[in-house]
Amino acid sequence: MGSRIHYSALVTKLRAMQSRLLKEEDFRALAAMENVPQAVAYLKQIPSYQAAMKDLEDSQIRWEDIERLMVGTLYYDFSKIYRFCSEKQRQVLKLYFAKYEIAVIKRALRRIFNHGDRTGEARGLRETLQKYTKVRLSELAQAETIPQLLEALRDTDYQGVLARIKHSEEASLFDYEMTLDLFYFSRIWKE
């Protein structure tokens, strides 16, 4: 009976959190915005995004910054849910969280292969995520080469998985991303 009550409490928590997410009409309104500052002002009015958007200077923000902050809210929500769960429920969430870890690793790989934006996740977000992962997120955000990325992944299953293809001269971004996806799916299957 106790687990049923705790499960009901979790479902209630999830539904309450879901009610504060963007609705279809919000997406339509955002799509109709003429510029980024208008979108920021709109998002600042929505309770679940107020905290993430509060420090933004409307005139200096880019779409990429908004997108990064909105993805960050997913991680903050995960953190809220994780703290609310029982130990048994956390085991399932840890498996699910691997999906987020892999997304962060893939972003780092894209930055390495495409010589892109070096900023990675926002510092506050990295601190929140670091509680749930062994991946050294600060090091990962600074990685400029595959060896640096693998060093940031030391003591994790991801390092061993990616190290196997590191020695291939023709390994591409696709190879690394596909390896991570296959690792995730096989892990789910085993669990």
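Residues numbered from 1 in each chain as written. Predicted model: local features only at pLDDT ≥ 70, side-chain atom pairs only at ≥ 80, totals over all residues. Heavy atoms only, no water.

Focus: the overall build of the protein
Along its length, the protein carries 11 helices and zero strands. Counting from the amino terminus, the protein carries its helices and strands in the arrangement α-α-α-α-α-α-α-α-α-α-α. Relative to its full complement of 191 residues, the protein shows a buried share of 38%. In the protein, 55% of the contacts between residues at least 6 apart in sequence involve partners at least 24 apart. Here the protein has roughly 12,100 Å² of accessible surface; of this, 53% comes from carbon and sulfur atoms. (Helix = DSSP H or I, 4+ residues; strand = E, 2+ residues; numbered from the N terminus. Buried < 20%, exposed > 50% of the residue type's maximum accessible area, 1.4 Å probe, protein only. Contact = heavy atoms within 4.5 Å. Areas by Shrake-Rupley, 256 points an atom, 1.4 Å probe, with all protein chains shown as cover.)

Observations concerning the pattern of salt bridges
Per the counting criterion, the structure on display carries seven salt bridges. Residues Asp181 and Lys106 are paired through a salt bridge, measuring 2.6 Å at the closest nitrogen-oxygen approach. Taken together, the residues span a long stretch of sequence, with Asp181 in helix α11 (residues 173-190) and Lys106 in helix α6 (residues 87-114) at a distance of 75 residues. Note on Asp181: relative accessible area 24%, which makes it partly exposed. Assessed through its relative accessible area of 14%, Lys106 is described here as buried. For the salt bridge of Glu139 with Arg154, the shortest nitrogen-to-oxygen distance reads 2.9 Å. With Glu139 in helix α8 (residues 137-142) and Arg154 in the loop between α9 (146-152) and α10 (157-166), this pair connects stretches of sequence that are 15 residues apart. What makes Glu139 partly exposed here is its relative accessible area of 33%. For Arg154, a relative accessible area of 24% puts it in the partly exposed group. One salt-bridge network, held together by shared partners, links Glu139, Glu151 and Arg154. (Salt bridge = Lys/Arg side-chain N within 4 Å of Asp/Glu carboxyl O.)

Remarks on the packing of helix α2 (residues 24-32) against helix α3 (residues 36-43)
Any two packed helices are characterised by the angle at which their axes cross and by the distance between the axes. Two elements in contact, α2 and α3, have axes whose closest approach is 9 Å; the angle formed by their N-to-C orientations is 155 degrees. For the element pair α2 / α3, the angle class is roughly antiparallel. From α2, Glu25, Asp26, Ala29 and Leu30 reach across to α3, where they touch Ala39, Tyr42 and Leu43. Of the residues in the contact of α2 with α3, the class split is five nonpolar, no polar and two charged. (Axes fitted to C-alpha atoms, helices over the stretch in contact; angles between N-to-C directions. Parallel < 35°, antiparallel > 145°, perpendicular 65-115°, else oblique. Nonpolar A, V, L, I, M, F, W, Y, C, P; charged D, E, K, R; others polar.)

These figures capture arrangement, not role.
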